[in-house]
Structure formats: structure tokens, C-alpha cells
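Chain by chain, the residues:
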2 protein chains.
Amino acid sequence: MSPGALLEGMLHGNAAVQRRAMSKAITLLESTRADHRAQGDELLTQLLPHTGKAFRLGISGVPGVGKSTFIEALGLYLIGQGHRVAVLTIDPSSTVSGGSILGDKTRMEHLSMHEKAYIRPSPSSGTLGGVAEKTREAMLVCEAAGYDVVIVETVGVGQSEIAVNGMTDMFVLLQLPNAGDDLQAIKKGVMEIADLVVINKADIDKNAATRAEAQITSSLRILSQHGNPENAHHNETLWHPKVVQISALLGQGVDAFWAAVTQFRQLQTANGRLASRREKQALAWMWERIDAGLKLAFRQHPQVRQLLPQMQADVAAGRIAASTAARNLLLAQSSQAQTAIK
Amino acid sequence: MSPGALLEGMLHGNAAVQRRAMSKAITLLESTRADHRAQGDELLTQLLPHTGKAFRLGISGVPGVGKSTFIEALGLYLIGQGHRVAVLTIDPSSTVSGGSILGDKTRMEHLSMHEKAYIRPSPSSGTLGGVAEKTREAMLVCEAAGYDVVIVETVGVGQSEIAVNGMTDMFVLLQLPNAGDDLQAIKKGVMEIADLVVINKADIDKNAATRAEAQITSSLRILSQHGNPENAHHNETLWHPKVVQISALLGQGVDAFWAAVTQFRQLQTANGRLASRREKQALAWMWERIDAGLKLAFRQHPQVRQLLPQMQADVAAGRIAASTAARNLLLAQSSQAQTAIK
């Protein structure tokens, strides 16, 4: 199918046609074949005017925190409110094992069967940056198809959360009421980027959940000070990260959670931060892709490939300074082009 | 002076000749002129066999923590023990202001006057990566000149500490006994890389210092678990980060501090981690310099410079996908070379 036909199916097809067009479009965008990539770029450019109207919600949490249960409860709640919900994932483990521990449709049995929900597992090969690129492009496909809430979920060790935060309007961290879990999140730099922290399984031990809420609230306050108490003044036009307790299993607190999300969205729209965040994300994304492309071209360059093993061995053995080796290798990459020009 | 003459002065000159040769060598290495850079590379390669015998100690802490006082006390103590001490700095603020808030010789009045000490302020221009490169090369000069303890100090917001950790054998974090300071350090990723945490000014409030020690010890234990208590088993051949209290102003605790450093050094030498850490650092350094070089060449490429403003505007306005723009720009860089080859 041509990019135009795919777009037509996504925009105007009935439910079955639309779903098929979305899956074909995402598969096209995931392909690494050069001709597919050219078609994919054409599709993306055609798609873009139809994107951007969804709310992009990032959700993260360690295994066992109850992400699937929470996202299913949230998704069904949102569909009940008239929304259409897409769930995408960035699963760093899938790039190693080829199998995804997230995004498995059987995890969200009720949601995945609903015609107003679209669930797509994580791409299963490439670097984290490459996987995140595919997820970001899949998000644009979902938006063009009229899904107005796109949830991007991840589990990871800091890097994948940063990637999800770099493509969503709001970043939510799911936590359990366990001592020390908040320190782990701070260490990974995940607490710092959270717009909202959700304490799940609050029903199991109400006292522990309340202690965790106080602890995390205090941490968020300290982190937002950047070491300077004067920065901590309250400004009503700015969002201050919040903590809410829920029990996804019992379906408790989902409405309060969505009320907080809605409040965030209204505030960020009114103060212009939603638009500026998306603009910054797009530019950062472009540079991230450029960096990845430069590194790949460098490593594949014939002169570099020839020289690299010796340079690495010399640097490791202390026979040549790292900065000298870097200059030699950069020269090797550029010298062939110069020779060819002569 | 030729690289050979500089090296000769460093290795065999009297105190005055050596000091002059060191300063000239570091100035040569800091120069960005192409001919100087070639001479600098020659000097580095000649230097290398005479380096690596010093212990490389990284010291970090926020302004006001008492770094200068501590380093002066430590430096004088070490000279008393028969060592020769070099103090280098990485000051991220110097790359913005051109002036250094660290490395000012007047900060360490007694140490800077001592003939067995060599103090050199932070290079004052370039990116953090560029500044770190110069500091790393200056470290090699100091080692060749026979300084057997090289201290690299920094103050920053996380990035400069990572840079210092990437060039030293041991990373020490100076903290004040203030509530919340440990969370700031965890947030910046600095606590996580600390081999030793020093609580300075412990004399002012002994109770607060003891509370801070307990708090930081607990944080270090949790951080080292990586979320899994089973990883926290004690292994006597591995170093476990420690906390010590000192009062740099009163000169209290410097001997206990150095005893901990010595214990670390012996353990890391015996278990092979000191050597493997240096090898990894050198290779990481090479790749960091390659990445910086690739980015610079990209941004300076005529076709890229011509296309970039339009691409950035289109991406920011949502007229073109970030990944498409990245591919266009990468193509622009490579197409000129191809055209020239034809």
C-alpha cells in the first residue's frame, strides 16, 4: 500500500480498515530497508498535519509495581469517558532478548479486546534510541488515526524513562509503598522528571502508603529546590509535582489520578509549557538521531574499521593517549574523502 | 621548546626548570592551533611511558563545603609524608565566564607556595568535554614530572563530577552535615559514583554530623543494592563505599581519611580493578573525543550549515518529523563528498 493509501485508511476507514492501516503503517516505519524508509518518511510528512491533538502520557515503574493492571483500569475508565486510547511501549529488554516483557496484549485482556483501544508492543531490535524512534513514530500514527490519549509505558534502569519523558507531555512514575524505592528512583534520575508520582497497591497497607506519600512529597520538594531554598517559592502558574495513592486492582483512585492529569494538562496548555515542551522534544530528537547516524557512519567507514582495532589496543595498553587516538581516527575518516577529491 | 626538550626538562630538570617545563607543556597542550596540536600529540606519546604511577584522586563538593581548606590540609599532610602533590581543577563555570571559581592559587596559600606542590587552575574555554581533555592531559604531565598524588577537584551540577570520576582512581564526595544535601547528591548521580563520602565541618555540630553519617551510610547501602537486596552481600575483595567525618579547618580526620584512601588503593590494586578502571576510562575517553569531533565536523559542514536553519524551523513548527529532518541533514553531509568523488 502506498503512503497515501495508508493515510487514507487511517483517516477515513471503518474500524477494521483503520486498524489494519495503522498496523501496516507502523510495520513500514519499523522497516530498515532503504526503500521502505523513503516511503516511511513520505508517510510521516503526510501524517504530521493530523497529529499533535492527543495527550501523550508516559508511565513508568519497576516490574511488579502493577503497570499493566493500572493501565488497563485507566484505559477502560477513559473509554468510558468517551476517549480512544492507544498504548505503546518502550522495552529495553526486548532489544536484547528479542522478546518483550512489556506490551504483551494478553497482559491487558479486557482493554486489548476493546475496539476503542489500540495496543502495540515494543519494537524488538535496535538500540534504545532506535526503539524509541519507532515508538515515537507509532505515536504519530495513533494520533492521526484519532486516538486522543496515547500512553507510552516503560520499565527500565533510567535510560528508557528518559526516552519516554522525551516524547510525552506528562511523565508519571508508579511506586510501591516500600522503603528505599524512592531512593532508587532518585538515583536513576526518574523521580526528578516525574510530574506525578502514583503509589499503587495502597489498599494493602494504608499506613505504609501514607508514610511513602509523605516521604516522596518531601523528596520532590527537596529535589525541586536545586539546593537553593529560595527557588522553592510557590508559583500558581507552574505545576508542582504531586503524589496520589491508588489501588489499580480495586479500581480505587483512577478518577483522582485522571483529575490530576487533567489539571496538569490545563495548566501546561495555559502557561504555554505544553507547546514549548513538544518543540524542545522534537529538536532534541532530531539531534539524537543525527548523533546516532554520525556514530554509525563513523564505525562503518572502511579506513576507520581498518585502524580501530589497533588504536583501541594501543589506548587500552597505554601506548597512545586517548585524545591522540581519537584525532588519528577522525583523520582517517576524513582523509579518504580528501583523497577522492584530489 | 621542542616536545623532546620539554620532556627532558620535566624528567631531569631541577625544581625551577621542571616547573617551567610543566607549565609550558600544559600551555602547549591547551593550544588549539593545529601545529601546536601536532606537537602536543608528539609530546603526549613521548610522555606516556613515564605516566600512570601516581594515585589519581577526584574530589567534589558544592561551593561552601570547604574543598580548598580540605585540599590544602590534605596536600600539606601528604607532603609531610614524603609525597609530591599536584592539584588540578575542572571548573564548568570557567567555560562560561572565562574566570575560574576554582583553582585560584590564593585559595591554597600555604600549599601553593610549597615546592613539592603544583597547582594549576582549570582551563577557561571550551565545552566541558574539551576542558576535561586538557585537565586529563595536564594530569599526565604532572605524573611524568614525578608527582605521585594528583588531585582533580570540581564543583558542578553532576556533569563535571562524572568527568572527574572518568579520569581518577577514586572519587571522593565532600558533604556538609545538612539535611537534604545527600538527596541533592543522589539526584545528580554523584552519590552513586562516590567511593568515599567525607562529612566536613563535623566539629561545628557533632550530633548533626553523626546523623548525616548514619543517613548517608544507609543511602549508600540502598544504592548499592540496585533494588535487589540479594546483591548486597558482603565481599571482602570488593570495596564498599565508606563515610568519614573530618574537620578540615582544625586539621582533624585527615589521617583517617588518608588511611581509607590507602586501604582503597591497596584493595583495588590487588583485585585488579584499578588497572581495569584506567583501561575503561581511556577507551571511554577516546570515544567521547570521537563523538565531539564528529559533531563539530557535522556542524561545520557547508551543506549542513546551509540546510540546518530551515530544518530546525520545520521541526520546531511540526512541518517535518524529527527523524526525517535528521536523515535529510545526514544525507546533506555525505552527498557533497559523493559529488566530489564523481
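Residues numbered from 1 in each chain as written. Chains lettered and ligands numbered in written order. Predicted model: local features only at pLDDT ≥ 70, side-chain atom pairs only at ≥ 80, totals over all residues. Heavy atoms only, no water.

Q: Hey, could you run me through the interface of chain B and chain A in this one?
A: Often, the extent of an interface is quoted as the loss of accessible area upon association of its parts. The interface is formed by 52 residues belonging to chain B together with 52 residues belonging to chain A. Buried surface at the junction of chain B and chain A, summed over both partners, amounts to about 4700 Å²; 70% is from carbon and sulfur atoms. One can count eight salt bridges joining chain B with chain A. Counting across the chain B and chain A interface gives eight residue pairs in polar contact (both at pLDDT 80 or more). Mapped onto the side of chain B that touches chain A, the elements with two or more residues apiece are helix 3 (34-47), helix 7 (128-144), helix 9 (181-187), helix 11 (206-225), helix 13 (273-300), helix 14 (302-316) and helix 15 (322-341) of chain B. The element that contributes the greatest number of residues to the side of chain B that touches chain A is helix 13 of chain B, accounting for 14 residues. When its residues are assigned to classes, the side of chain B that touches chain A shows 27 nonpolar, 12 polar and 13 charged. (Contact = heavy atoms within 4.5 Å. Buried area = accessible area lost by both parts, 1.4 Å probe. Salt bridge = Lys/Arg side-chain N within 4 Å of Asp/Glu carboxyl O. Polar contact = N/O pair within 3.5 Å; in protein donor to acceptor, adjacent residues only side chain to side chain. Helix = DSSP H or I, 4+ residues; strand = E, 2+ residues; numbered from the N terminus. Nonpolar A, V, L, I, M, F, W, Y, C, P; charged D, E, K, R; others polar.)

Q: Help me out: how do you make sense of the confidence of the model for chain A in this one?
A: Low-pLDDT portions of the prediction should not be read for the details of their coordinates. Residues and elements named next belong to chain A. For chain A, per-residue confidence averages 87 on the pLDDT scale, and 89% of positions sit at 70 or higher. Strand 1 (residues 55-60) holds the highest mean pLDDT among the elements of chain A, 97, whereas helix 5 (residues 94-97) holds the lowest, 59. A low-confidence stretch, residues 226-233 stays under pLDDT 50, and its non-local contacts, those more than four residues away or across chains, total seven contacts. With pLDDT under 50 throughout, residues 338-342 is counted as low confidence; its partners more than four residues away or in other chains account for three contacts. Scoring of the predicted complex yields 0.81 for pTM and 0.83 for ipTM. (pLDDT = per-residue confidence, 0-100.)

Q: It is not clear to me how the packing of helix 1 (residues 3-12) of chain B against helix 3 of chain B should be interpreted in this structure. Could you clarify?
A: Between two packed helices, the angle of one axis relative to the other and the distance separating the axes together describe the packing. All names here are of chain B. Remark: helix 1 packs on helix 3, axes separated minimally by 9 Å, with the N-to-C direction vectors making an angle of 40°. Put simply, helix 1 runs oblique to helix 3. In this structure, helix 1 meets helix 3 at a crossing whose hand is right-handed. Residue-level contacts link Pro3, Gly4, Leu6, Leu7 and Met10 of helix 1 to Gln39, Glu42, Leu43, Gln46 and Leu47 of helix 3. Here the contact of helix 1 with helix 3 is built from residues that sort into six nonpolar, three polar and one charged. (Axes fitted to C-alpha atoms, helices over the stretch in contact; angles between N-to-C directions. Parallel < 35°, antiparallel > 145°, perpendicular 65-115°, else oblique. Left-handed = near helix turned anticlockwise from the far one by under 90°.)

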